[in-house]
Amino acid sequence: MAYLLDADVLIRAKRMHYRFTFCPAFWDWLEAAHDKGKVFSVESIGNQLIAGDDELSYWAREQGSDFFRSPGRATIGALDQVSAWVQSQSYEAPAIRSFMQDPDYWLVAEAVAGEHIVVTHEVRSTSVKRIKIPNVCDGSGIDCITPFEMLHDEKARFVLERP
């Protein structure tokens, strides 16, 4: 079991809570947790981040394919399971098409294949116009938590040294 990070976790961290300039400990923690096999993401999210031209894209490039995993046979198989659940719900056709083309689809399939926990800021929704990760996780039988819950559960600490 590992934690799979949604793109929004990294994007919001960069923009808000854990900017590279004032909280490098967050990024160091992610790398250390990854080295222990506890945190990673998927290739399609890595590609999305690398396409940018900012600190996050440089960080994502440095992590490479070890952090942003390529889909394996089990993930490819899990795509069918995720797709079947999404299509069995009352989502509108454009929402289904959008989800199936989004990195979130691959993220959930990787979580299903490896029985991992998805980490995202997204919240459950009853809307039929947009498919949210937590809803698909629930329907696929996998856990979905916020980054703050992950940090709490893993007892992450970003502490300033006292003089």
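Heads up: the structure comes first, above all this text.
Rules of the game
Residues numbered from 1 in each chain as written. Predicted model: local features only at pLDDT ≥ 70, side-chain atom pairs only at ≥ 80, totals over all residues. Heavy atoms only, no water. 1 Å grid on protein atoms, 1.4 Å probe; cavity = no way out; pocket = protein on both sides within 12 Å on 5 of 7 lines; lining within 4 Å. Points joined across faces, edges and corners; volume = space filled by probe spheres on them. Helix = DSSP H or I, 4+ residues; strand = E, 2+ residues; numbered from the N terminus. Nonpolar A, V, L, I, M, F, W, Y, C, P; charged D, E, K, R; others polar. Pairing = 2+ DSSP bridges. Contact = heavy atoms within 4.5 Å. Axes fitted to C-alpha atoms, helices over the stretch in contact; angles between N-to-C directions.

**Q** Give me empty space enclosed by the protein: which residues, what numbers.
**A** Enumeration according to the criterion identifies one cavity of 30 Å³ or more in this entry. Quantified by volume, the largest cavity comes out at close to 40 Å³. Lining of the largest cavity is provided by Val9, Arg12, Ala13, His17, Tyr18, Phe26, His121, Pro147 and Phe148. It is helix H1 (residues 7-17) that contributes the most residues to the lining of the largest cavity, four residues altogether. Classifying every residue of the lining of the largest cavity gives six nonpolar, two polar and one charged.

**Q** A description of the sheet that holds strand S4 (residues 117-119) should follow, citing residues and the corresponding values.
**A** Sheet architecture is open: five strands sit in the order S3-S2-S1-S4-S5, paired in parallel fashion. What marks the edges here is a single partner per strand, and that holds for strand S3 (68-69) and strand S5 (144-145). As paired elements, strand S2 (residues 39-42) and S3 share two bridges and run parallel to each other. Note that in S3 the partner of Ser41 across the bridge is Phe68. With respect to the sheet, helix H2 (residues 24-35) is in contact with strand S1 (3-5) and S2, its orientation differing from that of S2 by roughly 90 degrees.

Read these as geometric descriptors, not functional statements.
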